[in-house]
Structure formats: structure tokens, C-alpha cells
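Tertiary structure, described
Chain by chain, the residues run as shown.
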Amino acid sequence: MGSRGNSVCVYVRVRPTDKFAQDIIQVGKDNKTINVHIKKDNKFTVVNNQRSDWSFRLDGFLQNASQDSVYDTVAKSVVSKAMDGYNGTIMCYGQTGAGKTYTITGATENYDHRGIIPRAIQQVFREIEERSNYHIKVRVSYLEIYNETLFDLLSTMPDIMSTDTQIIIKEDSHGIHVKGLSVHITNSEEDALNLLFEGETNRIIASHILNKNSSRSHCIFTIYIESRARCFSDARYTYSKINLVDLAGSERLKKTRSEGQVMKEASYINRSLSFLEQTILALTDRKREHIPFRQCKLTYALKDSLGGKCNTILVTNIYGEESQLEETLSSLRFASRMKCIPTDPEIIQYYDPVLTMKNLEKEINFLRQELFLHDLLAKRGQINYEPLTETQIAEINSQARRYLAGTLTEIDLINFRQIQEVFTQFKIILSQQEQEVETRLREKYTLIDKKNLETIAAAQKAGLLDEEGQMVGELDGQGFGIGLAPPTSKPVFSAARKWKSRKAKERGSPTGRKESFISPTLGKEPVTVSLSKSVQMVASAKDLEIKESVAKDVDIISLDIHRSETAFKEEISRPSTPPTKEAAFEEFKNDRGSELSRIFKEDKAILIDRKKKIAEITQRINVTKQEIDRTNQTILVKKHERETQGEYVSDGGQTIIDEEEFILIVKLKDLKKQYRSDYDELQDLNAEVQYCQRLVDQCRQRLLTEFDIWYNESFLIPEETQIILKGGGSIRPGMMPISKITTLGEDDQDRFEHLQQTLTLDNPSTLSFYNAKMKMDHRHLYAKAASHLIPTRKKAGVITASMRNKPPSMLSVS
Ligand SMILES: Nc1ncnc2c1ncn2[C@@H]1O[C@H](COP(=O)(O)OP(=O)(O)OP(=O)(O)O)[C@@H](O)[C@H]1O
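Residues numbered from 1 in each chain as written. Predicted model: local features only at pLDDT ≥ 70, side-chain atom pairs only at ≥ 80, totals over all residues.

**Here we look at the overall build of the protein chain**
As a reminder, the rule being used: Only runs of H or I of at least four residues qualify as helices and only runs of E of at least two qualify as strands under DSSP, and these elements are numbered from the N terminus. Any residue pair is listed as a contact if its two C-beta atoms, each placed from the backbone, are within 7 Å.
In terms of regular secondary structure, the protein chain is built from 23 helices and 24 strands. Of the contacts formed within the protein chain by residues at least 6 apart in sequence, a portion of 73% connects residues at least 24 apart.

Shown next as C-alpha cells:
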């Protein structure tokens, strides 16, 4: 690649042929040296000065190379570097028919034969997925230069806003840009491929309308990449572009023996390619101050893409047959000149002015605070420039631990070193805790990475995942688990009712009450707990004799985003186990949650239906695309025949084509229309699917939340719970089976204390609610109450809910 040898990188690609002139073209063992040897012409009998040996040193000789390996050798790292912010250019040069278009765009009818552009598009979008810390925008444009005129190959796109009729090349502080050329945002690989395809089709249609030969134009497909770090404060961003250039055929004028229009084209090509050569020669001369970029449109458009700060690659396409040797030599000469252009690739960074200003404002504020603190410490005589001793660090560590454990309410901030050390210790403690949790998780659970096929297979074998890769007992395959055990095969009898009646009995019997604190042993079924969409934790309950004292488990489950910590602890600490969440959920779906469950099912059915439609329409689009490719090919063949057999021209100078060719062109237009309308439909369907997916997700979430509340109400919350609402406020009447809710004014301290005395059983709990007045209804309050009472294993308690309009800094449970 360009930066390797600090010069443009140059490869030669040979068009496959049975007649490769191996006696004449010899490639060195390093695959980089190409020696051309021609036997001396016997005509020159006396003195023969005709040159017969040439040697070229390039970067690689690609013979019988697949499109895949050509991409890997030539383009992969240029694209990767472009993602980092470097400009990149890949150009194909060579005589007509040598394989430039095949290399740069590829053959559309076969997926394996796709060229550099579609593969680069794919790589860009894959890398975007991997670079999740960056917000990356991709845009594309497609420019054609024909007879020194610029054409926008994407001007037919419906989203074009530009009012510029003339396309001109301009240069500003951001480099070269083509004014009037449409640049299209692409959100997916599919979008970008569609634009490439649109441009290709337009190139062919325009070539018929203007009677121009598509292989006699230069084409530049550009991918623009704008990359910003997701970190909001970073004002820097990079803006790079990858130019993928298909140059016109390079054969010399005399060889084409052309006349008229063809002659005009050939002379334009010759001029632009010879200006390209002149520019290249000038670029190779480091002392040269003026480079004649502006001599022609091609060199001007490529001004910031030829060497210099850009990673530039040239692929020289040759025939490799003896009959084409003259052109091959000329192409190799061009290549070796190109190789001498020095490069010094550089990331060009830009600064977002608004963000920069904000950051500077922040910095000023910070410095002000720092100055203030400095003055304060100076007054106290506490400024200290000495590094902290080990004892001091150990003391800070201990303070941080006590602070996190809640036994220390404040850490005294003494000086900057100490402040920094406090944060360092927080970080250390956090990472230690993470490691501990992970170790404990690994001791107890099998972690299955859903992206790793091997671990999935092993888990399936062990019966922990079903055939579709869902965890056993998982609800609806969406990566969330709500139950401890998989669904039982027996029909579930009203678990809630059973549980309630058992509870009523227990309340009547002191022994029952006592028993309620004996830890249960779970069944022998596998326990499934979902951590996230991609990682699942599966454990077998036989290893999991959960004892009351196993506080560790509580920590583990605190990682679980789906199952409430409370519920888990409650389940392990109750004697007569309430119904499993799986079983209770079944009942809930048929009873209290039936309406939600119905909506969920309906939404899912719509989602599945739309996805099916997407599959159908995608197939239809592919068929149309193949048909377009075939029609394109046939048109090209017809055109070629027409040109070789001699063309009829009307009085007005227009080429007359036969009916068959006319029908083909009309067909191509119709197919394109069909393609576009299907594509639009696909876009709409995609949007609809995303929308439906959101609905389904929301509905699923609501179903689970409602279920959790219901489950807590029905099985977990001690009914003696009292709630005092401090600070006034009211809560909406609900169905909460709670014995008492008392609302007190903020200054009603006497009544509050009195109530506390009468209601307190063991330890009162104090719980602050955010904005309780506005948002909280009985059931949420109830659920929250439960989550604070149950971990302390109180059957009942007093919860004081302070009504606030601002979030409390910390929930306090005393
Ligand atoms: N490496 C290759 N493998 C298979 N087929 C090839 C290869 N190179 C070229 N071809 C085939 O040769 C024909 C001409 O190739 P292509 O159109 O790419 O040439 P070109 O250099 O772009 O010509 P032009 O200057 O007219 O645009 C095409 O049918 C193409 O599929």
C-alpha cells in the first residue's frame, strides 16, 4: 500500500489468457520484478539499436488471481486506513478490454466476481459495526468524465436536492470537491450497492442516448467517510474519501485507426491520459514546485488523490499476449513512473467549532474551580507537592471501600493528588469486584457466548440450549429469562390462588411463620438466567444447593437485568416456595396480562408477516437485477455489432438503431423502474419492520414489568407492610392489597414519629422516591417497597416515601 515504500503502490494484473507470452514476459521470484525480452528484429541486419530488454520493478504481479485475492492484496488496507481517516485512491489503468472494469467494479452476474467497489462497500459497513465507539457517516458519489465534460451518474436519484446544472471542480481548504455532483448518504451496504448499480445502469443508458462509448470515459466512484468519536466532548473528527477510478482505455491514437466521433473520443482520452502522465512525472520530481493538475478535468479531479497525503494504488491491467506487447510495454512504463510518486499519508483531522467552544468553556470553568480550591488549600496550608506514600494510598483505599460499603458517609478531599488517588482506588476496587463476580459466575455457571458457534454446540449437546440456540425455559427466544426452572410439563393450576391460600394458612400458624425463614432447596431442573442478548448464563440446579447463607448468589444475580434481585432472594429464602416464575407467568398471561399478551402475540404475528414479505421482495429485486444485467450485456453486444458493421446516421446526425436494440433499451428502462419501485417498497417495509420490532419490544417489556409487579404483589410482599408518604402528595388509588398508606405533610414530624412507633416492627426502612407525586402509583410503590423489605427478610416494615420533585442523591435504606 502507498505508505509501505513511501511511494505509490503499483500492481500488474494479467487478463486470463491461454496465450500468455511467457518467453517474453518473465516475472522474478519475488513476484515484483518484471522482465520483458523481445528477440531482435532481423530486418536490422547491420546495426541494430532497437531495444529488446526492459525491466520493471513494481509491487506485485497478479496472474490468475481471484477477485477475492486481488481485493485483499490491493484494496483491503487502503479501505481500513480510510476508516482511520486517510484518503485512499485505487486506479485501474490499461488498454481497452484488459480488465479495468472487471477489476474495479467486477462482473455483476456472479457474486464471486464482484470487484473492488462492492467489496470496499462491504468492508466499510463491516468495519462500522466493529467501531462501535465511533459515529460514522458514509456518503457516495459517482462521477464520469467524458470528452472533458463531467457527468453525475447518480443525478437520476430521487433524493437529489442540488439546483446546480453545471458540474465544476473546485478546490477549498478541505481539498478538491466537485460542485454540482450529488453526494448520497448511505446507511447500509445495500444502499451503497444500489447507488453503484444505479450509476452503472445510467452509464450504459447515457452511452446510448449520447452515443458515447462507456469504455472511453473515466469514472470515479467515491466513498466519503466521516468519523466522530461517540464521546461527546471530543470535537475532533476525520473526513476521508476513497476514490475508485476506472480510467478509459489507454491505447494510442494511431492504433485505434479511428475516425469521426471515435477519433474525437480517442484524442480526448489520449490528451487526458498524457496529462495524467505529465502530472505524474511532475509529481515524481520532488524539486518541482508547480504540478500541472489543472490541465485537464481528470488530473484536477484527482489532485488530492495522487500520492502526497493519500494512500494511492495503481492496478495496471495488461493482456499478456504477444500481439498486445506494444500496449503492454506502454502500460508497464506508465506503472513504473507512477511507482516513483512519493507518498506520505496523513490523517486529516477537523474540529467541530461548536463543540470546541463548549469544551473550552468547560475547561475555563474547571480551571476556575481548580483555582478556587487551590486558594482554599493555600489558606489551610494543605498544598502538597509530594507524591503519596504507600501508607497514604492504603488509607485512601480503605476509605474508598468503606465509602462504597456505606459505612463512611464522606471522604474528606484534601488535595489534588489525594482526589486523583480516590478515583484510582475506585477504579481498582471496581475492577477487583468485577473479577470476583466473574470468577464466582464461572464457578457456578456455564457462560455461553451466543456468537461462538462452538460453545453453542456444546451447550446444545448438554441440553442447556435448545436446537434454535435459545436457552431452555427462555421466553420467546428473545434473550430474557424470567424463570428459575423450565416450563413444567404439567398444566399449571392457578398458582397464585394456591400460594395465597397456603399463605393464609401459614399466617394462622406460628410454625408456618417460623418456617418461612428456612431456606429452600431448588428443584433439579436447570436454572436459566439471562444476562444480555449475547451472553446467557446457564446453570444446573443440582450444583446449586442454595442455602440461606449464600449471600454470594445475591451478588451474582444483581448482574441480571431481567430478574429482580428481590425476587430471586425471596425465592431462595421462602419455605413453601411460591410458584416458579415460569409457571406464574403462564397463569398471568391467561389472566391479568391476557390483554397485553394478546397484543404482544398480534404484534409479533405482524412482524413475522412483514419479515416474510421482505424476503419475498428481496428475491424479486434480485431476479430483476439479474434480468437488468442480462439486458445490459445484450445491449452492449448489439452496440458492438452495430459499431463494427457500420452505423446508419440520420440527417440530423443521430445514430439509427434497429428495433431490437430499441426494445432492449426500453426494456432496460422498465426494469430499472421496476427495480426502483421494489426497492422503495423494500425500504418502506424495512422501516415498518423496525417500527413493529420496537412495538414488540415495548410490549414485551410491559408484559414483564406488569408481571413482576403482579408476582411481587401476589407472592412476595408481606401484607403487613405499611407505607407512610412523607411530604404530602397523594398516590393514585390502585388495587394494592396493602394494609395502610398514610400521607403526612413535610413538617408533620410528631405524627410521623408516632406512626413509626406504632407501625415499626423490627427495623423501619426509609425509602426516597423520585417524583412520587407525579408518577408513582400504588403498584409501583408497592413493588419498590417489596424490593427494599424483602432483602432484609422482614415480613413487614415501615416504608417512608418522601415525595420529591428531584431525584434523591441516594436511596437510603436504614
Ligand atoms: N481477470 C479476469 N478474469 C475474468 N474475466 C476477465 C478478467 N479481466 C477481464 N475479463 C473479462 O474481459 C472482458 C473485458 O474486461 P473489462 O471490460 O473489464 O475491460 P476494460 O479494461 O474495462 O475495458 P474498457 O477500457 O473497454 O472499459 C470482460 O468481459 C471481462 O469480464
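**Let's talk about the sheet that holds strand 3 (residues 33-37)**
Note the cut-off: DSSP-based pairing: two strands are paired if at least 2 bridges between them are found. Axis definition: a line fitted to C-alpha atoms, limited for helices to the stretch in contact. Angles are taken between N-to-C directions and run from 0 to 180 degrees.
Across the sheet, 3 strands lie side by side as 2-3-4; this open sheet has antiparallel pairing. Strands at the two margins of the open sheet, each flanked by one partner only, are strand 2 (25-27) and strand 4 (53-57). Taken over all neighbouring pairs, the strand axes of this sheet differ in orientation by 20° on average, direction set aside. In terms of strand pairing, strand 2 meets strand 3 through 3 bridges, oriented antiparallel. Bridge pairing links Val27 to Ile34 in strand 3. This element, helix 9 (residues 325-339), spans strand 3 and strand 4 of the sheet and lies at about 40° to strand 4.

**Here's the deal with unusual backbone geometry**
Under the convention used in this document: Three exposure classes are used, based on other C-beta atoms lying within 10 Å of a residue's own C-beta, which is placed from the backbone: buried for 20 or more, exposed for 12 or fewer, and partly exposed in between.
The backbone phi angle of Asn64 is positive, close to 50°, even though this residue is not glycine. Locating Asn64 in the fold gives a position in the loop between strand 5 (60-62) and helix 1 (67-74). The exposure class assigned to Asn64 is exposed, which follows from the 8 C-beta atoms found within 10 Å. At Asn147, a residue that is not glycine, the phi angle is positive and equals roughly 45°. Relative to the elements of secondary structure, Asn147 occurs in the loop between strand 7 (134-146) and strand 8 (149-152).

**Describing the pairing of strand 10 (residues 175-179)**
Inspection of the sheet shows strand 9 (residues 168-172) paired to strand 10 by 5 bridges, in the antiparallel sense. Across the sheet, residue Ile169 finds its bridge partner in strand 10, namely Val178. Taking the residues that link successive antiparallel strands as the turn, the strand 9-strand 10 hairpin has 2 residues.

**Details of the UniProt feature "binding site: ATP" (unreviewed entry) in the protein chain**
The criterion, for reference: UniProt positions are given in the numbering used here, feature names are shortened, and annotations may be inferred rather than shown by experiment.
UniProt's entry tags Gly94, Gln95, Thr96, Gly97, Ala98, Gly99, Lys100 and Thr101 with the feature "binding site: ATP" (unreviewed entry), counted in the numbering of this structure. Relative to the helices and strands, Gly94 resides in strand 6 (residues 88-94). Residue classification places Gly94 among the buried residues on the basis of 29 C-beta atoms within 10 Å. Aside from chain neighbours lying at most four places away, what touches Gly94 is Lys100, Ser250, Thr316, Asn317, Ile318 and Ser331. By the element assignment, Thr101 lies in helix 3 (residues 100-104).

**Let's talk about helix 18 (residues 581-590)**
For an α-helix the count is 3.6 residues per turn, leaving residues at separations of three or four pointing the same way. Across the 10 residues that make up helix 18, a large majority, 7, are buried. Along helix 18, the positions that sit buried rather than exposed are Lys581, Glu582, Ala583, Ala584, Phe585, Glu587 and Phe588.

**Quick look at the packing of helix 2 (residues 76-84) against helix 4 (residues 116-130)**
Here is the rule we go by: Roughly parallel means an angle under 35 degrees; roughly antiparallel means over 145; roughly perpendicular covers 65 to 115; every other angle is labelled oblique. Should the near helix be turned anticlockwise from the far one by less than a right angle, the crossing is termed left-handed; should it be turned clockwise, right-handed. Under the convention adopted here, Pro, Cys and the residues Ala, Val, Leu, Ile, Met, Phe, Trp and Tyr are nonpolar, Asp, Glu, Lys and Arg are charged, and Gly plus all remaining residues are polar.
The interhelical angle for the contact between helix 2 and helix 4, taken along N-to-C directions, is 40°, at an axis separation of 10 Å. Relative to helix 4, helix 2 is oriented oblique. Classified by chirality, the crossing of helix 4 by helix 2 is right-handed. Here Lys76, Val79, Ser80 and Met83 of helix 2 lie close against helix 4, whose contacting residues are Ala120, Gln123, Val124 and Glu127. Taken together, the residues of the contact of helix 2 with helix 4 sort by class into 4 nonpolar, 2 polar and 2 charged.

**Regarding the confidence of the model for the protein chain**
Quick reminder of the rule: A residue's pLDDT is the confidence the predictor assigns to it, expressed on a 0 to 100 scale.
Per-residue pLDDT for the protein chain averages 70, and the proportion of residues at 70 or more is 62%. Below pLDDT 50 for its whole length, residues 253-258 participates in 8 contacts with residues either more than four positions away or in separate chains. Contacts from residues 788-814, a stretch scored under 50 in pLDDT, to residues over four places away or in other chains number 83 contacts. Reported confidence for the predicted complex is 0.98 by ipTM and 0.52 by pTM.

**Considering the environment of Gly249**
For Gly249, the location among the structural elements is in the loop between strand 13 (236-246) and helix 6 (253-256). By the C-beta count within 10 Å, which is 21 here, Gly249 ends up buried.

**A closer look at helix 9**
The following threshold applies: Expected helix span is given by 1.5 Å per residue-to-residue step, counting one fewer step than there are residues. Here the arc refers to the set of directions running from the helix axis out to each C-beta atom.
Here helix 9 is 15 residues long and its end C-alpha atoms lie 21 Å apart, about the 21 Å a rise of 1.5 Å per residue gives. Taken together, the buried positions of helix 9 are Glu327, Thr328, Ser331, Leu332, Phe334, Ala335 and Met338. The buried residues of helix 9 all sit within an arc of 160° when viewed along its axis, so they share a single face.

**Observations regarding the environment of Cys340**
Mapping Cys340 onto the fold places it in the loop between helix 9 and strand 15 (349-351). Separated by 33 residues in sequence, Cys340 and Gly307 place their C-alpha atoms 9.5 Å apart. Beyond its immediate sequence surroundings of up to four residues, Cys340 is in contact with Ser7 and Thr284.

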